[in-house]
Amino acid sequence: MYWEKELETMNREQLATLQLERLQETTRRAVQSYYYGKAFTDAGLHPKDIRTLDDIRRIPFTTKDDLRENWPYGFLAVSKDELIRMHSSSGTTGRATVIFHTKKDVDAWTNLVARSMYMAGLRKSDVFQNMMTYGLFTGGLGFHYGAERVGALTIPAGAGNSKRQIQLMRDFDTTAIHIIPSYALHLYTVFEELGLKPQKDTKVRMAFIGAEPHSEKMRKRIEEFYGFRAFNSYGLSEMNGPGVAFECPEQNGMHIWEDNFIVEIIDPVTLQPVPDGREGELVMTTLLREGMPVLRYRTKDLTRILPGECPCGRTHRRIERITGRTDDMMILKGVNIFPIQIEKKLMEIPGVGRNFVILLEREGFNDLMHIKVEVEREFFNGELRHLEALRRRIVEELKSDILITPKVDLVEPDSLPKTEGKAVRVIDNREK
Amino acid sequence: MIAHQLSIFAENKPGKLAAVTSVLAKAKVSIRATTIATTDTFGVINLIVDDPTAAQAALTKAGMMVKLRPVLAILIDDKPGGLDRLTQLLFKEGVNVNNAYGFVLESREKAVFVVDVDQMEKAEKLVEKNGFRTLDTDALSTIEPFHYMKY
Ligand SMILES: [Zn+2]
């Protein structure tokens with residue numbers, strides 16, 4: 001049931017004591033780095049000023065820009081000789097950020113991933129196929145090490161090459177996979193093309209899905225298509241990567257490992273903490289990192305703490321699936337919209353296929369949202385009015401949800417560009 | 001008798017119809033009649049062909065979304081009032097026509113009127129009882145349309 005029963009079920013009071021001890025230790029280590037040394041001095045702050053957990057709010061926030069500007073070694077709190085691993089976040093905008101790990105860091109991270117996978121149900125007897133990009137991206141090696149720590153036979157399949165993935169699953173009786181949600185939907189079409197049914201022709205019984213925000217509806221679709229349980233996970237390279245927060249068998253929110261991180265949810269505008277249950281930006285502090293402690297890191301991910309205890313007995317609080325990012329927020333006619341809202345709505349409408357793309361366009365002074373939606377093959381009955389009714393329904397439902405009227409086009413199934421990695425959902429064609 | 005019409009989903013983009021006809025030409029399928037229904041951004045291409053099953057397979061293989069829809073192919077006289085007699089009959093009996101189009105078989109002699117209706121069986125019985133001939137897919141594939149050689 002538990003990987004580390006004592007830590008996972010520790011009462012909140014003890015957990016707070018442990019957190020404070022570790023926070024004090026972390027701040028002492030952090031100020032050894034160029035960046036935090038300066039930041040603490042500038043703020044007139046000393047590690048011994050951290051006397052209670054609430055004192056964390058005296059520490060300034062750290063942003064991705066701070067990590068970039070102090071690239072590559074400005075955050076190092078140990079000598080370079082102590083480092084054994086580096087990872088880097090995908091740098092879609094500007095320079096990538098780099099995270100360094102000591103031997104102890106990799107060990108602690110691996111333990112968290114193992115704890116998370118064990119919690120979802122992975123066991124020594126499982127065959128785990130990791131369909132993630134290996135390399136600088138943390139999703140590949142992070143899960144790989146975790147699964148090996150659990151003791152599962154681990155297949156480092158890497159990303160893409162769908163036919164080979166299916167072949168591996170069949171040849172080695174894979175029972176658990178790690179996959180990006182949009183790729184899971186794509187892979188299903190490859191199963192179909194090969195005339196195979198995952199439920200019948202493979203032994204896969206569970207999937208870890210993550211690395212990409214997705215709606216509950218999308219998870220349900222994946223579970224239906226494959227006939228297995230799909231567990232949502234959350235992580236970011238600045239906080240190691242995978243293993244930060246993970247679903248337990250209840251599949252209702254992700255336990256965020258509070259013995260390894262301090263979690264704050266703040267209002268992204270006022271930067272003040274919001275109460276449990278209220279949505280805000282997730283801010284995290286590492287508690288065990290040696291090589292590169294990161295304090296009060298603004299993740300830009302929006303979520304909320306789910307109030308109440310989890311029936312599984314773990315005391316670490318749960319966060320809701322990521323509902324959006326403060327920076328992929330689209331602002332159209334003054335309305336803030338997240339792609340995930342649109343995805344959620346679309347997936348609820350029968351007849352909508354597997355993929356869609358949002359185009360933002362400007363006509364004169366007017367911003368327009370143009371959504372191309374694939375139609376489900378079975379939905380088409382040959383009648384134009386049937387399609388037109390679907391199109392109108394999509395427009396109406398989105399309008400009532402996001403408060404602007406999008407232009408909606410229906411397109412053929414599998415006609416939108418799909419990647420074997422992250423799905424591209426938004427294309428902003430407006431002049432900046 | 002029931003005939004089949006191919007309905008093909010078409011995004012309104014240049015070359016879609018050409019793509020359809022090119023696939024059918026390669027599959028050696030002859031087209032008897034075509035209509036296109038469109039909205040602003042997408043439409044449906046309706047085709048009467050000599051071999052609907054082969055056409056559907058070829059178009060599906062080319063990635064298109066295709067449906068075979070049952071329709072009535074009704075033989076009418078190609079002269080004034082020929083079509084009117086049919087439409088009046090359908091109207092009088094409350095049969096709703098979703099889509100309809102025709103093509104001439106023999107100039108000034110016979111034409112085929114294709115109707116896609118909401119109550120297929122009722123409409124079929126109705127027109128046959130009233131002396132119209134309906135053609136099935138086989139009959140449609142053996143007829144030679146646009147027969148201009150007759151003096
Ligand atoms: Zn739980």
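(A) Structural detail: the pattern of salt bridges. Residue and element names in this part refer to chain A. Overall, the coordinates contain 33 salt bridges over all chains when judged by the stated rule. Two residues, Glu 383 and Arg 385, come together in a salt bridge whose shortest N-O distance is 2.9 Å. Of the residues examined, Arg 385 reaches a relative accessible area of 55% and is grouped as exposed. Taking the shortest distance from any N to any O, the salt bridge between Glu 388 and Arg 391 comes out at 2.9 Å. One end of the pair, Glu 388, and the other, Arg 391, are both in helix H12 (residues 384-402), 3 residues apart, so they sit about a helical turn from each other. Residues joined in a network through salt bridges with shared partners are Glu 216, Arg 219, Lys 220, Glu 247 and Arg 321.

(B) Summary view of the pairing of strand E6 (residues 110-117) of chain B. Residue and element names in this part refer to chain B. For E6, the tally of buried residues reaches 7 of 8 residues, placing the bulk of the element in the interior. With 6 bridges connecting them, strand E4 (residues 66-77) and E6 associate as antiparallel partners. Across the sheet, residue Leu 72 finds its bridge partner in E6, namely Val 115.

(C) Quick look at the sheet that holds strand E9 (residues 254-256) of chain A. Residues and elements named next belong to chain A. Taking strand neighbours across the sheet as the criterion, the 9 strands line up as E4-E3-E5-E6-E7-E8-E9-E14-E13 in an open arrangement whose pairing is mixed. Because the sheet does not close on itself, it has two edges, and the strands there are strand E4 (153-155) and strand E13 (305-306). Two elements, strand E6 (residues 206-209) and strand E7 (residues 229-236), share 4 bridges in a ladder whose sense is parallel. Its bridge partner being in E7, Ile 209 is matched across the sheet by Asn 232. Running over the sheet, helix H5 (residues 103-120) touches strand E3 (127-130), E6, E7, strand E8 (241-247) and E9 and is turned about 30° from E8. Helix-sheet contacts for helix H10 (residues 216-226) involve E6, E7 and E8, and the interaxial angle to E7 is about 135°.

(D) Representation of the packing of aromatic side chains. Tallied over the full model, the rule gives 16 aromatic pairs over all chains. Centre to centre, the rings of Tyr 188 of chain A and Tyr 226 of chain A are 5.7 Å apart; their planes meet at 70°, and the pair counts as edge-to-face. Of this pair, Tyr 188 of chain A sits in helix H8 (residues 181-193) while Tyr 226 of chain A sits in helix H10, and the two are 38 residues apart along the sequence. Per residue, the accessibility class of Tyr 188 of chain A equals that of Tyr 226 of chain A, and both read buried. Arranged with centres 6.2 Å apart and planes meeting at 70°, the rings of Phe 380 of chain A and Phe 9 of chain B form a pair that is edge-to-face. One end of the pair, Phe 380 of chain A, is in the loop between strand E19 (366-375) and H12; the other, Phe 9 of chain B, is in strand E1 (residues 3-11), on a second chain. Note that Arg 85 of chain A overlies the ring of Tyr 145 of chain A, its terminal NZ or CZ placed 4.8 Å from the centroid.

(E) Spotlight on the pairing of E19 of chain A. All names here are of chain A. Within E19, 7 of the 10 residues are buried, which leaves the element mostly enclosed by the surrounding structure. Note: strand E18 (residues 352-363) against E19, 9 bridges, orientation antiparallel. Of the residues in E19, the one forming a bridge with Arg 362 is Asp 367. In this structure, E19 lies alongside strand E20 (residues 407-411), joined through 5 bridges in parallel fashion. Counted as the bridge partner of Val 373 is Leu 410 from E20. A crossover links E19 with its parallel partner E20, the connecting element being H12, and its sense is right-handed.

Rules and cut-offs
- Residues numbered from 1 in each chain as written.
- Chains lettered and ligands numbered in written order.
- Predicted model: local features only at pLDDT ≥ 70, side-chain atom pairs only at ≥ 80, totals over all residues.
- Heavy atoms only, no water.
- Salt bridge = Lys/Arg side-chain N within 4 Å of Asp/Glu carboxyl O.
- Buried < 20%, exposed > 50% of the residue type's maximum accessible area, 1.4 Å probe, protein only.
- Helix = DSSP H or I, 4+ residues; strand = E, 2+ residues; numbered from the N terminus.
- Pairing = 2+ DSSP bridges.
- Contact = heavy atoms within 4.5 Å.
- Axes fitted to C-alpha atoms, helices over the stretch in contact; angles between N-to-C directions.
- Phe/Tyr/Trp six-rings, centres within 6.5 Å; stacked < 30°, edge-to-face > 60°.
- Lys NZ or Arg CZ within 6 Å of the ring centre and 35° of its normal.
- Right-handed = clockwise from strand over helix to strand, strands pointing away.

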